[in-house]
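# Observations on the model geometry
The lines below spell out each chain.
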Amino acid sequence: MFHLRPIFNQANSRCLLSSMSAVLPSLSNKTPPPDIQKQYPKPDYSTESLTELLDHDNHDMRRRFRKFMSDPVMKPRYNISLAEERQLALDRLQRICDNGFISVLDFRDNPLRIFAAHELAAIIDPAMTTKMTVQFNLFGGTVFKLGTEKHHKQLLEGIDTLADIGCFGLTELGYGNNAVEMETTAVFDPETKELIVHTPTPLAQKYWITNGALHAHHVVVFAHLITHGVNHGIHAVLVPIRDKELNVLPNVLVEEMGYKMGLNGVDNAKLTFDNVRVPIDNLLDKYSKLSEDGVLTSDIKSTRARFLAVADQLLAGRICIASMCIGGAKASLAIAVKYSATRLTVGSKGKSDAAILSYQLQQHALLPLLARTFALNIGLDRVKRKWAEQIPADHLEVVAMCCALKPICSWHLENLVSVCRERCGGQGYLSCNRFGTFIGLAHAAMTAEGDNSVLIQKVAKERLAMFKPQATTSVSENVTTTDQLINLIKIRENSLFSELGKALKAAGREGLFETWMLQENERIQSAGKTYGERIVADEFKSVVDGTEDSTKEVLQNLLDLHLLSYVKDNSAWFLTQGIISPDQAKQVTAEFDELCRVLTPQALNLVESFAISDEMLSAPIARDWVGFNEVDNKGELDLF
């Protein structure tokens, strides 16, 4: 049985593994890749326990969903038309709905099930999952949470079955992050007792509307509600855009947005409304009631607070997107690690008998990403729980957590999949090996439901308003212990927020905009990101401390590698601030090198803990990539 720490090094209190050759038999390029994988050391811990930890919740549903998603009908197809790709995404989503794996009522009964479905579905088809998140979270969740009984009776069953497909009409061509300035109006007509929804200018087109180009029957339109000449701010109004035969309704203009750089199974549209009339009952009126006389009564007094209430489903959407990114990261790593373990090239004797995973180049590229994926998975689980169980007093903290983890997870996927693609060479460039799919997901996730950097600005703003310094200790001579590494993150967080607060105070009210938007961007971004990193680090340490089974040691190694990577990547800041010395920076680099070597022989076992079947991964380089190339495959999986 292989042990993670066979040799003890007294100097740095870590165990070493001198090289891959210490644990691997001689490999041959003539051995089929699946057989090479079997020659790697088996763990002395339970990968099933790691799976249970990473899955976190809804374990039975996840097992059934994995089996369901391994069906051949879910196999990716590449050389297909735009129309075929979109129909395929819809058909796959229909199968998921027909088998009851997701329901809009999960927001009431089991909200974590929503996020689990997003993580696993994104491994197969991120485009289909994007349609799913709009149908069940943005459209369905908004109808469920902002609507009342009349809306629920009309739509909830059809949302679950896809008999009523919807979309979410918030973003306008001219107004993205500044949504409160949007131009679309919903004006009360006292003569007919209707609302007239109108797009007054090209800038007011509803833009990037997922499901809008082909499949949606309804759209939740965010518009200024105007009654008797009084603007009551942004409200949500249900507007039908197609009949049951999918014919576009009068006075609604639907324009196709065409090909994108990825996720072309998503049918995005521009929507324009030419004085479209809907009953006043179409106002989603949980918080604001509109009488037949056009009198609005609202439980929420300020227009700003009303907008935040009607757009609240974006928070859950950010968790959905982060969950999709974790799914994509796990799949990309599994593909890259399995290929790296079986792709043999020049060894010490000049023969093709060394796996590229044995090279430090490959280890330093992939192992930190593996550790960070574990960390972000565990950190995101904390945010999911906090969102699902939140009380009003926790709301601002939940907002900050959601707004931090969506950018951190999507930036992680973008970096991870680019590195994995490069480290898999030319094979990584083939569509059938999946990295292109996940690059498309990453770039969509970085922009959807809040531009990442703008969200980090929001995190910094919210946290600065309630800032209390994290408790820290003095920096010890050895900075490579878990406690010291987390201490360094907290010192950085405290410093960045304190300096930012001083800069804003010095600017005063008149200089606030210039200071925030034109002078302090680097500090703002660093502060918001560091808050998110501290949340993740604290949760990962809490999980490791509470682990009592055989996985504790490997989890501790992953935690430490994650923390070392963070400090190493930010060593310039720690050095220039005088927080660590050059010798301490060298300690961090040395420990980083050691942990990459220690964890490399277990890389296959660690990606196996993601519990992604070969059928779900589908990438030939994660399987028998030699056998795949014995036939004229044309880059498709039909014969594989």
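Everything discussed here concerns the structure shown above.
None of the values given here were measured: they were computed from a predicted structure. (Residues numbered from 1 in each chain as written. Predicted model: local features only at pLDDT ≥ 70, side-chain atom pairs only at ≥ 80, totals over all residues. Heavy atoms only, no water.)

On the surface, a cluster of nonpolar side chains totalling about 360 Å² of accessible area is made up of Phe 513, Met 517 and Leu 518. Considering the arrangement of structural elements, one finds Leu 518 in helix 16 (residues 512-519). A relative accessible area of 63% places Leu 518 in the exposed class. (Patch = residues over 30% accessible without salt bridge, like charges linked within 9 Å, V, L, I, M, F, W, Y side chains within 5 Å. Areas by Shrake-Rupley, 256 points an atom, 1.4 Å probe, with all protein chains shown as cover. Salt bridge = Lys/Arg side-chain N within 4 Å of Asp/Glu carboxyl O. Helix = DSSP H or I, 4+ residues; strand = E, 2+ residues; numbered from the N terminus. Buried < 20%, exposed > 50% of the residue type's maximum accessible area, 1.4 Å probe, protein only.)

To continue, consider the pairing of strand 10 (residues 268-273). With 5 of 6 residues buried, strand 10 is to be regarded as a mostly interior element. With 3 bridges joining them, strand 6 (residues 206-210) and strand 10 adopt antiparallel strand pairing. Paired with Lys 206 across the two strands is Leu 271, which belongs to strand 10. (Pairing = 2+ DSSP bridges.)

This part takes up the packing of aromatic side chains. Evaluated as defined, the whole model comprises 11 aromatic pairs. Consider the rings of Phe 168 and Phe 222, whose centres lie 4.9 Å apart with planes at 65°: the pair is edge-to-face. With Phe 168 in strand 3 (residues 166-169) and Phe 222 in strand 7 (residues 218-227), this pair connects stretches of sequence that are 54 residues apart. Taking the relative accessible area as the measure of exposure, Phe 168 reaches 9% and is therefore buried. By relative accessible area, which is 0% here, Phe 222 ends up buried. Taken together through their ring pairs, the aromatic side chains of Phe 65, Phe 68 and Phe 101 make up a single cluster. Geometry around Trp 573 places Arg 492 over its ring, the cationic atom sitting 5.0 Å from the centre. It is Lys 529 that lies over the ring of Trp 411; its NZ or CZ is 4.7 Å from the centre. (Phe/Tyr/Trp six-rings, centres within 6.5 Å; stacked < 30°, edge-to-face > 60°. Lys NZ or Arg CZ within 6 Å of the ring centre and 35° of its normal.)

This part takes up the nonpolar core. Of all hydrophobic cores here, the largest spans 198 residues; its most connected members are Phe 65, Met 69, Ile 96, Phe 273 and Phe 374. Residue contributions to this core peak at 19 residues, all from helix 10 (residues 313-342). Sequence-distant contacts of Ile 96, defined by excluding residues within four places in its chain, comprise Phe 65, Phe 68, Met 69, Met 74, Phe 101, Ile 102, Ala 121 and Met 128. (Core = buried A, V, L, I, M, F, W, Y, C linked by side-chain atoms within 4.5 Å. Contact = heavy atoms within 4.5 Å.)

This part takes up the pairing of strand 5 (residues 194-198). Sheet analysis places strand 4 (residues 185-189) next to strand 5, joined by 5 bridges and oriented antiparallel. Within strand 5, the position partnered with Thr 185 by the bridge is His 198. In this antiparallel pair of consecutive strands, strand 4 and strand 5, the connection spans 4 residues, and Lys 193 shows a positive phi of 60°. Bridge analysis of strand 5 against strand 11 (residues 276-279) gives 4 bridges, and the strand direction is antiparallel. Bridge assignment links Val 197 to a residue of strand 11, and that residue is Val 276.

With that out of the way, let us pick up the side chain of Ser 332. Secondary-structure assignment places Ser 332 in helix 10. Non-local contacts of Ser 332, meaning those with residues more than four positions away in its chain, are made with Leu 416, Val 417, Cys 420, Phe 435 and Phe 438.

Now for unusual backbone geometry. Backbone geometry at Asn 211 places phi at a positive 80°, although glycine is not the residue there. The buried category is assigned to Asn 211, whose relative accessible area is 2%. Phi at Asn 275 is positive, roughly 50°, even though this residue is not glycine.

A word on the side chain of Arg 534. As for its placement among the helices and strands, Arg 534 is situated in helix 17 (residues 521-545). On the basis of relative accessibility, which here comes to 6%, the residue Arg 534 falls in the buried class. Here Arg 534 is in contact with Arg 463, Gln 470, Ile 489, Lys 490 and Glu 493, once residues within four sequence places are set aside.

Read from one edge of the open sheet, 3 strands run 6-10-9, paired in antiparallel fashion. The open sheet terminates on both sides in strands that have one partner only, identified here as strand 6 and strand 9 (252-256). Strand-to-strand twist in this sheet, taken as the mean axis angle between neighbours without regard to direction, amounts to 35°. (Axes fitted to C-alpha atoms, helices over the stretch in contact; angles between N-to-C directions.)

What follows deals with the packing of helix 10 against helix 12 (residues 395-423). It is at 8 Å that the axes of helix 10 and helix 12 come closest, and there the two elements cross at 25°. With respect to their mutual orientation, helix 10 and helix 12 come out roughly parallel. Considering how the two elements wind past one another, helix 10 and helix 12 form a crossing that is left-handed. The residue makeup of the contact of helix 10 with helix 12, split by class, is 18 nonpolar, 5 polar and 2 charged. (Parallel < 35°, antiparallel > 145°, perpendicular 65-115°, else oblique. Left-handed = near helix turned anticlockwise from the far one by under 90°. Nonpolar A, V, L, I, M, F, W, Y, C, P; charged D, E, K, R; others polar.)

Our focus in this paragraph is the pattern of salt bridges. Under the criterion given, the structure shown has 37 salt bridges. The residue Lys 244 makes a salt bridge to Asp 164 at a minimum N-O spacing of 2.8 Å. In this pair, Lys 244 is assigned in the loop between strand 8 (230-240) and strand 9 and Asp 164 in the loop between helix 8 (149-161) and strand 3, connecting sequence segments 80 residues apart. Using a relative accessible area of 52% as the deciding quantity, one classes Lys 244 as exposed. Of the residues examined, Asp 164 reaches a relative accessible area of 9% and is grouped as buried. In this structure, Arg 372 engages Glu 533 in a salt bridge whose closest nitrogen and oxygen atoms are separated by 2.6 Å. Here Glu 533 lies in helix 17 and Arg 372 lies in helix 11 (residues 360-388), a separation of 161 residues in the sequence. Given the relative accessible area of 18%, Arg 372 is considered buried. Residue classification places Glu 533 among the buried residues on the basis of a relative accessible area of 8%. One network of salt bridges, with partners in common, ties together Asp 55, Asp 57, Arg 62, Arg 66, Glu 119 and Lys 330.

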